[in-house]
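Descriptive analysis of the structure
Residues per chain, in single letters:
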Amino acid sequence: MSTHVAVIDYGMGNLHSVAKALEHVGAQQVEVTSDPQAILNADRVVLPGVGAIRDCVSELRQLGLDQVVHQVAKEKPLLGICVGMQMLLEHSEENGGVDSLGLFPGEVKFFGDELYDGDVRLKVPHMGWNQVQQTLDHPLWHRIEQNARFYFVHSYYAAPGKTTQLAGRCHYGVDFAAALAQDNVFATQFHPEKSHTNGLQLLQNFLAWDGRW
């Protein structure tokens with residue numbers, strides 16, 4: 001099995017921590033790159049992201065990598081992480097509204113300045129460990145227990161337009177998409193590279209995944 005993974009470098013995201021985690025779980029070659037051809041030549045591709053989605057989308061488009069992501073999504077396994085997942089949806093409420101890549105129908109919403117779980121006021125951003133309910137039988141959940149905990153850092157959450165694309169659900173004041181899946185694309189709101197055993201297992205599953213399920 002060849003495991004040449006391209007981590008898309010558009011100036012945003014935990015690029016090297018993702019790359020190190022992939023190497024740790026057995027990737028033969030991990031290339032952090034903004035070169036479209038290098039990305040298209042890889043066996044698998046990771047789209048990370050942190051920070052403001054407007055900046056992420058703008059940098060991706062300025063480098064011409066938005067179209068590369070669309071092409072990758074048709075051809076090989078693609079993993080989106082955090083804002084990398086949010087960018088795969090159609091639109092985000094952030095900064096007055098941002099149009100994204102539109103691989104998944106749906107939008108990204110703000111948790112709000114006053115978020116409650118019952119009578120308990122919750123802090124925004126949602127930061128720390130939380131349980132993920134697996135809602136699809138997907139290869140990337142292999143050897144990961146139902147309601148396993150993963151590490152989150154985000155103020156906005158994904159509300160997918162199709163429930164059939166919801167691969168994992170989390171609750172923090174509201175139910176939101178912790179993971180999305182469609183064809184050979186899988187995306188997580190949480191950071192697998194920061195989620196210890198469960199996160200490393202998911203990345204290992206990604207290396208073994210051929211895009212079918």
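To keep things clear, this report deals only with the structure shown in the data block. (Residues numbered from 1 in each chain as written. Predicted model: local features only at pLDDT ≥ 70, side-chain atom pairs only at ≥ 80, totals over all residues. Heavy atoms only, no water.)

Regarding the overall build of the chain
In terms of helices and strands, the chain carries six helices and 15 strands. A compact globule built from 213 residues would reach a C-alpha radius of gyration of about 17 Å, and the chain, at 16 Å, matches this within 12%. Seen through its C-alpha atoms, the chain measures out along the principal axes to roughly 50 × 40 × 30 Å. Within the chain, buried positions represent 54% of all 213 residues. Contacts in the chain between residues at least 24 apart in sequence constitute 70% of all its contacts with a sequence separation of at least 6. Carbon and sulfur atoms form 43% of the exposed surface of the chain, whose accessible area is close to 9400 Å². Side chains of the chain give 15 positive and 24 negative charges; the mean places of these two sets differ by 4 Å. (Helix = DSSP H or I, 4+ residues; strand = E, 2+ residues; numbered from the N terminus. Rg over C-alpha atoms; globule rule 2.2 N^0.38 Å. Buried < 20%, exposed > 50% of the residue type's maximum accessible area, 1.4 Å probe, protein only. Contact = heavy atoms within 4.5 Å. Areas by Shrake-Rupley, 256 points an atom, 1.4 Å probe, with all protein chains shown as cover. Lys, Arg positive; Asp, Glu negative; His and termini not counted. Charge placed at Lys NZ, Arg CZ, Asp CG, Glu CD.)

Here we look at the nonpolar core
Leu22, Met87, Trp141 and Phe186 are the most contacted members of the largest nonpolar core, which totals 76 residues. Looking at this core, the element that brings in the most residues is strand β14 (residues 174-182), giving six residues. Each residue touching Leu22, except ones within four places of it in the same chain, is listed here: Val5, Val7, Ala27, Val30, Val46, Leu203 and Leu207. (Core = buried A, V, L, I, M, F, W, Y, C linked by side-chain atoms within 4.5 Å.)

Topic: the pairing of strand β4 (residues 78-81)
Alternating positions in β4 separate into two faces, Leu78 and Gly80 on one and Leu79 and Ile81 on the other, with burial throughout. Sheet topology note: the β4/strand β15 (residues 185-188) ladder contains four bridges and is parallel. When the sheet's bridge partners are listed, Gly80 is paired in β15 with Ala187. (Pairing = 2+ DSSP bridges.)

Topic: the packing of aromatic side chains
Summed over the entire model, instances satisfying the criterion amount to twelve aromatic pairs. On the basis of an interplanar angle of 75 degrees and a centroid distance of 5.7 Å, the ring pair of Phe111 and Tyr172 is categorised as edge-to-face. Of this pair, Phe111 sits in the loop between β7 (106-110) and β8 (115-117) while Tyr172 is found in strand β13 (residues 166-172), placing the two residues 61 residues apart along the sequence. In this pair, the class of Phe111 matches that of Tyr172, namely buried. (Phe/Tyr/Trp six-rings, centres within 6.5 Å; stacked < 30°, edge-to-face > 60°.)

A closer look at the side chain of His154
Along the chain, His154 turns up in strand β11 (residues 148-154). Looking at His154, its side chain comes within polar contact range of the main-chain oxygen of Tyr156, at 2.7 Å. (Polar contact = N/O pair within 3.5 Å; in protein donor to acceptor, adjacent residues only side chain to side chain.)

A look at helix α6 (residues 196-208)
Over its 13 residues, α6 extends 19 Å from the first C-alpha to the last, a length consistent with the 18 Å expected when each residue adds 1.5 Å. For α6, every residue scored as buried is listed here: Gly199, Gln201, Leu202, Leu203, Asn205, Phe206 and Leu207. Its buried side turned inward, α6 meets β1 (4-8), α1 (15-24), β3 (44-47), β4, β11 and β15. (Expected span 1.5 Å × (residues − 1).)

Quick notes on the side chain of Lys76
Along the polypeptide, Lys76 turns up in the loop between α4 (65-75) and β4. Despite being buried, Lys76 has no salt bridge partner; Glu75 is the closest side chain of opposite charge, sitting 4.7 Å away. (Salt bridge = Lys/Arg side-chain N within 4 Å of Asp/Glu carboxyl O.)

Some words on the environment of Gly106
Along the chain, Gly106 falls in strand β7. According to the relative accessible area criterion, Gly106 is buried, its value standing at 13%. Separated by 54 residues in the primary sequence, Gly106 and Pro160 have C-alpha atoms spaced 4.2 Å apart. Non-local contacts of Gly106, meaning those with residues more than four positions away in its chain, are made with Leu89, Glu90, His91, Ala159, Pro160 and Gly161.

Topic: unusual backbone geometry
For the bond from Val124 to Pro125, the omega torsion is 15 degrees, close enough to zero to count as cis. Residue Arg143 is not a glycine yet carries a positive backbone phi of 65 degrees. Along the chain, Arg143 turns up in the loop between β10 (126-134) and β11. The phi dihedral of His196 is positive, around 50 degrees, even though this residue is not glycine. Assignment of secondary structure puts His196 in helix α6.

Thoughts on the pattern of salt bridges
For the coordinates displayed, the defined rule picks out three salt bridges. Across the pair Lys109 and Glu107 runs a salt bridge whose closest N-O atoms are separated by 4.0 Å. The exposure class assigned to Lys109 is partly exposed, which follows from its relative accessible area of 28%. When the shortest N-O distance is used, the salt bridge between Arg212 and Asp210 registers 2.7 Å.

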